[in-house]
Amino acid sequence: MHTFDSLLASITPTTGPTRDIYDPATGAVVGSAPVHTVDDLETAVVAAVDAQTAWAALGHAGRSEVMLRAADAIDAAAEPLAELLSREQGKPLNGPNARFEVGGASAWLRTAAATPLEPEVVVDDGETFASIHYRPIGVVGAIGPWNWPMMISIWQIAPALRMGNAVVVKPSEYTPLSVLALVAVMNQVLPAGLLTVVSGGRDVGAALSTHPAIGKVMFTGSTATGKAIIRSSADTVKRLTLELGGNDAGIVLPDADPQAIAEGLFWGAFINTGQTCAALKRLYVHDDIYEEVCTALTAFAAAVPMGIGLDENNVLGPLQNKAQFDIVADLVDKAKASGARVLLGGTPDADQPGYFYPTTLIADIDPLNPLVVEEQFGPALPIIRYTDLDEVIALANGVDVGLGGSVWSADVATAREVAARLETGTVWINSHGGVHPMIPFGGAKQSGYGLEFGVEGLKALGTPQVING
Ligand code: NAD
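Going along each chain's sequence as written, the residues are numbered from 1 onward. Restriction of local features to residues with pLDDT of at least 70 applies here, the model being predicted, together with a cutoff of 80 or more for giving and counting side-chain atom pairs; totals for whole chains, interfaces and linings are based on all residues. With hydrogens and water excluded, all non-hydrogen atoms of the structure serve as input to the side-chain values.

The name recorded for the protein chain in an unreviewed UniProt entry is Phenylacetaldehyde dehydrogenase, from Glaciibacter psychrotolerans. UniProt positions are given in the numbering used here, feature names are shortened, and annotations may be inferred rather than shown by experiment. UniProt, in its Sequence similarities (unreviewed entry) section for the protein chain, records the words "Belongs to the aldehyde dehydrogenase family."

**Student:** Let's hear about the UniProt feature "active site" (unreviewed entry) in the protein chain: which residues, and what values?
**Tutor:** Feature annotation in UniProt assigns "active site" (unreviewed entry) to the following positions: Glu243. By the element assignment, glutamate 243 lies in strand β9 (residues 239-243). Owing to a relative accessible area of 4%, glutamate 243 belongs among the buried residues under this scheme. Contact criterion: two residues are considered in contact whenever any of their non-hydrogen atoms come within 4.5 Å of each other. When near neighbours in sequence (up to four residues on either side) are disregarded, glutamate 243 contacts Phe219, Thr220, Gly221, Leu403, Phe441, Gly442, Gly443, Ser447, Gly450 and Glu452. Helix and strand labels come from DSSP, where a helix needs a run of H or I of at least four residues and a strand needs a run of E of at least two; each type is numbered from the N terminus. Only protein chains enter the accessibility calculation, which uses a 1.4 Å probe; a residue whose area is less than 20% of its type maximum is buried, one above 50% is exposed, and one in between is partly exposed.

**Student:** Give me the lowdown on the environment of isoleucine 365, citing residues and values where you can.
**Tutor:** Within the element layout of this structure, isoleucine 365 appears in the loop between β13 (360-363) and α13 (370-373). The contacts of isoleucine 365, once residues within four sequence positions are left out, are Ala335, Ala340, Leu371, Val372, Pro382, Ile383 and Ile384.

**Student:** Give me the lowdown on the packing of aromatic side chains, citing residues and values where you can.
**Tutor:** What describes a pair of aromatic rings is the distance from one ring centre to the other and the angle between the planes of the rings. The rule is short: rings of Phe, Tyr and Trp, with Trp giving its six-membered ring, pair when the centres are within 6.5 Å, and they are stacked under 30 degrees, edge-to-face over 60, tilted in between. Enumeration according to the criterion identifies 11 aromatic pairs in this entry. Taking the centre distance of 4.7 Å and the plane angle of 70° together, the rings of tryptophan 155 and phenylalanine 453 count as edge-to-face. Taken together, the residues tryptophan 155 in helix α6 (residues 149-162) and phenylalanine 453 in the loop between β19 (448-449) and α16 (454-459) connect sequence positions 298 residues apart. Classification of phenylalanine 453 as buried rests on a relative accessible area of 6%. An angle of 15° between the planes, with centres 4.7 Å apart, marks the rings of phenylalanine 266 and phenylalanine 270 as stacked. Here phenylalanine 266 and its partner phenylalanine 270 are both found in helix α10 (residues 258-270), four residues apart, which amounts to about one turn of the helix. The same class applies to phenylalanine 266 and to phenylalanine 270, which are both buried.

**Student:** Tell me about the sheet that holds strand β4 (residues 129-136), and name the residues and values.
**Tutor:** Spatially, β3-β4-β20 is the arrangement adopted by the three strands of the open sheet, whose pairing is antiparallel. Among the strands making up the open sheet, the edge pair consists of β3 (120-124) and β20 (462-468). Taking the axes of each pair of neighbouring strands and ignoring which way they run, one obtains an average angle of 25° across the sheet. Alignment of β4 against β20, held across seven bridges, turns out to be antiparallel. By the bridge assignment, tyrosine 134 is partnered in β20 with proline 464. Paired strands, in this sense, are two strands between which DSSP finds at least two bridges. Axes, fitted as lines to C-alpha atoms, cover a helix only where it is in contact. Angles between the N-to-C directions of the axes lie from 0 to 180 degrees.

In structure tokens, the structure reads:
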């Protein structure tokens with residue numbers, strides 16, 4: 001049974017170069033991460049190739065059984081894992097944050113282990129018989145971001161293992177400890193070499209996406225890096241699942257009840273302090289109820305505590321890193337300079353340690369202001385007034401990305417009609433950003449391609465083979 005100290009000790013390197021990792025809430029050193037190189041990547045890939053054959057030979061039932069035991073190991077270490085995640089990423093223990101993320105990692109692993117995937121018969125007409133089977137790809141590379149490091153790693157690892165692949169994980173250089181710890185716990189159960197973390201920088205990520213022995217890359221991160229991976233994986237024709245940046249719009253129709261939707265709007269936008277790919281990043285509210293929605297949302301938001309993650313009272317935390325803090329501060333400054341109305345926040349406390357940016361709501365903002373059309377990825381929500389439905393749909397669709405979107409209305413049928421006109425991978429009605437291990441998730445436009453979760457997600461980690469006859 002792990003304590004926080006024993007978990008940290010289990011991933012602290014005893015040889016080789018290391019790098020200190022700092023708590024974004026306090027600046028204190030959390031721990032020390034290895035600085036792996038392209039040579040370490042090579043070693044990991046050789047071990048993965050070696051381990052994959054026996055793993056594939058276990059079959060679905062055998063692999064599922066081992067994966068369920070790995071999920072049990074995560075559950076047994078849940079509290080120290082959540083503490084490490086909170087210290088490294090900044091997110092609080094409580095609310096939809098660190099404990100929730102560790103629980104989600106276990107739940108997604110269990111669902112991937114338990115979801116049936118039978119061969120599909122595509123033609124059986126007496127003359128022709130053809131079926132599709134999903135074979136292992138071999139070695140899968142998993143490259144992840146810093147916002148939900150454990151959850152997103154599991155989204156990549158779980159279906160890959162289930163489908164008979166070995167995995168080499170390249171975590172974000174901002175949050176390597178969370179992923180190293182999660183994998184160390186899983187490796188109490190998994191066969192040696194099957195799942196390895198290579199904790200290096202962008203050079204290691206780039207080498208992974210050109211490696212000839214890696215058949216597929218699962219990537220979650222920015223659109224710019226996704227494009228770099230498309231280019232660098234071209235020579236080896238890798239399969240790719242790309243979950244990239246978003247700038248999700250929420251549209252509030254005039255029949256919505258401002259009081260009833262305020263809490264859902266808040267968490268849609270501010271989950272993980274806004275550092276979520278499919279967070280609500282632009283809120284369009286009809287003129288008829290604009291002031292009421294602004295008032296209800298401001299009242300709710302003002303009461304939500306932000307602070308150090310290990311304090312059990314807090315449910316919002318700091319930005320994870322200085323670069324992200326600067327992006328948010330710059331976009332809010334531009335919004336203020338344009339004359340937009342600050343309903344809440346907007347001015348960080350210069351004396352507060354850590355990368356805390358206050359919960360910020362900005363009203364009466366121009367629809368083309370940078371805070372609206374660029375991804376802020378932090379706790380600052382622009383609220384745009386609209387009167388015409390066609391115009392607001394054009395604005396919602398007027399960006400290059402299309403991850404998620406939401407429609408808020410008392411009339412679900414009307415909301416579904418609006419949803420059908422949004423150019424996004426998912427549309428939520430009267431909520432925003434919720435994910436489920438059996439509901440496929442993926443982006444439209446430059447938010448990426450490929451689906452994760454459920455049966456579709458498993459298929460994406462197999463090589464389809466048609467047997468004709
Ligand atoms: P990032 O693109 O900067 O980094 C992601 C990972 O890619 C890191 O591990 C990094 O080391 C690696 N990397 C960097 N350059 C590389 C290269 N040339 N080749 C291979 N790997 C390379 O993203 P980030 O700042 O960590 O994450 C924030 C972004 O991720 C936001 O845009 C957010 O919307 C997006 N995101 C999307 C989803 C989704 O499911 N669509 C989920 C979470 C985050």
